[in-house]
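Structural characterization, general
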Amino acid sequence: MHGTRTSDYDFQLPPELIAQSPPPVRGESRLMVVDRATQTIAHRRFADIVEYIPAGDVLVRNTTRVMRARLLGARDSGAPAEILLLKSLGDSRYEAMVRPGGKVKPGRMIHIGDQLDVRILETTERRTRIVELVTSLDHADAIERYGHIPLPPYITRADAPPDTERYQTVYAAETGSAGAPTAGLHFTPEILSELGAHGVKVADVILHVGAGTFKPVEVDDPAQHVMHEEWYEVPELAAQQIAEGRSRGAKTWAVGTTSVRTLESAAAADGTVASGSNETSIFIRPPYTFRAVDHLLTNFHLPHSTLIMLVAAFAGYDLTMRAYATAVEERYRFFSYGDAMLII
């Protein structure tokens, strides 16, 4: 069966197609529409999404907010070091990724700023670190003051002031992510208002994105890949909205792979989505039977990534790879600040 090996997800991507900045105006991206029923591909503008989502259907979006999770500092020797906070462990402790990994060992102190140091406490089984923030400030204030927006590694420039706004969705609410739920970056208040006026229901969930999102699958058998856990919550209201929609035959449209992971983690075999919070390390790849998601809005993802595998599980492997080949040919913009794909 195609799509069951990591090597099946190789494709040639010209470097200039990797979007290094967002479009000048939010929402002015392109939208590739992939139709599973007809196996066809159409080229539209993102604002045209309002033509595809019928009145009464439920749009599920992830309202997580990106932390200024990238801390740039120096070791005692003066040599540079970098810490990416992944998730809070309570008190002043966080799980983090560090660079250079071989040098930033337990017991070391990294100096970030006048009022913030980071102590390395221990190394985890998956080679991340447990770190402690040493500061006289409130921890959230220290991160906000000294942290940088954690742009993904394929964006080769430093973060800049516009990223503070543009690497967040317009509906971001609860801080906790090490990366943006990027399919949501395309929405503007105007497009959301238009969908609402059209009768589309909006349900809000939370999944705090971990750095595992960017971790390529490095083994050829994806079953051997270890996913990082991510915390999610389905509020009672969202569970009710989805259930009410399902009861009258409405479809559920997931904004991004994070919303998919949330819904599929919370769904029973019959597709009922339970409210509540939990950790998930779900890895969706072919073959997979979706229980709670009917349609998907997503961006274009990295070769060999868990995210392109999720898309292939949803759209079918052959159609997904044809869509990606078409995107390269038609010079779509790729990855976090790139264009969007709507799978209907």
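In short, a report on the structure. What you see is a predicted model, and the numbers here were worked out from it, not measured in a lab. (Residues numbered from 1 in each chain as written. Predicted model: local features only at pLDDT ≥ 70, side-chain atom pairs only at ≥ 80, totals over all residues. Heavy atoms only, no water.)

Regarding the sheet that holds strand E2 (residues 40-45)
Spatially, 9 strands are ordered E2-E1-E17-E16-E14-E3-E12-E13-E15 in an open sheet, and the strand pairing comes out mixed. Looking along the sheet, the strands with just one partner apiece sit at the ends: E2 and strand E15 (276-280). Between one strand and the next, the sheet's axes are offset by a mean angle of 20 degrees, whatever the strand orientation. Across 4 bridges, the pairing between strand E16 (residues 295-299) and strand E17 (residues 340-343) is antiparallel. Across the sheet, Thr298 pairs through a bridge with Met341, a residue of E17. Against the sheet, helix H4 (residues 236-247) makes contact with strand E3 (58-62), strand E12 (201-207), strand E13 (230-234) and strand E14 (252-255), and its axis sits at roughly 135 degrees relative to E12, the strand it touches most. (Pairing = 2+ DSSP bridges. Helix = DSSP H or I, 4+ residues; strand = E, 2+ residues; numbered from the N terminus. Axes fitted to C-alpha atoms, helices over the stretch in contact; angles between N-to-C directions. Contact = heavy atoms within 4.5 Å.)

Regarding the nonpolar core
Counting residues in hydrophobic clusters, the biggest one holds 64 residues, and the most contacted among them are Phe334 and Met341. For this core, the leading source of residues is helix H6 (residues 306-315), giving 8 residues. Setting aside chain neighbours within four positions, we find Phe334 in contact with Phe11, Leu13, Leu17, Ile18, Ala19, Phe300, His301, Tyr324, Ala327 and Val328. (Core = buried A, V, L, I, M, F, W, Y, C linked by side-chain atoms within 4.5 Å. Buried < 20%, exposed > 50% of the residue type's maximum accessible area, 1.4 Å probe, protein only.)

Describing empty space enclosed by the protein
What the rule picks out here adds up to 4 cavities of 30 Å³ or more. Taken as a whole, the second largest cavity spans an internal volume of roughly 70 Å³. Lining the second largest cavity are Pro22, Pro23, Arg26, Gly27, Ser29, Arg166, Leu185, His186, Ser336, Tyr337 and Gly338. For the lining of the second largest cavity, the class distribution of residues is 4 nonpolar, 5 polar and 2 charged. (1 Å grid on protein atoms, 1.4 Å probe; cavity = no way out; pocket = protein on both sides within 12 Å on 5 of 7 lines; lining within 4 Å. Points joined across faces, edges and corners; volume = space filled by probe spheres on them. Nonpolar A, V, L, I, M, F, W, Y, C, P; charged D, E, K, R; others polar.)

Overview of the pattern of salt bridges
Scanning the model with the defined rule gives 15 salt bridges in all. Here Glu51 makes a salt bridge to Arg44, at a shortest N to O gap of 2.7 Å. When salt bridges that share partners are traced, they join Arg44, Asp48 and Glu51 into one network. (Salt bridge = Lys/Arg side-chain N within 4 Å of Asp/Glu carboxyl O.)

A look at the packing of aromatic side chains
As enumerated under the stated definition, the model contains 13 aromatic pairs in all. On the basis of an interplanar angle of 75 degrees and a centroid distance of 5.5 Å, the ring pair of Phe300 and Tyr324 is categorised as edge-to-face. Taken together, the residues span a long stretch of sequence, with Phe300 in the loop between E16 and H6 and Tyr324 in helix H7 (residues 317-329) at a distance of 24 residues. The residues Phe300 and Tyr324 share a single accessibility class, namely buried. Within the aromatic cluster, the residues linked to one another by ring pairs are Phe11, Tyr154, Phe300, Tyr324, Tyr332, Phe334 and Phe335. When the ring centre of Tyr332 is taken as reference, the NZ or CZ atom of Arg30 above it lies at 3.9 Å. Sitting over the ring of Phe283, Arg285 keeps its end group 4.7 Å from the ring centre. (Phe/Tyr/Trp six-rings, centres within 6.5 Å; stacked < 30°, edge-to-face > 60°. Lys NZ or Arg CZ within 6 Å of the ring centre and 35° of its normal.)

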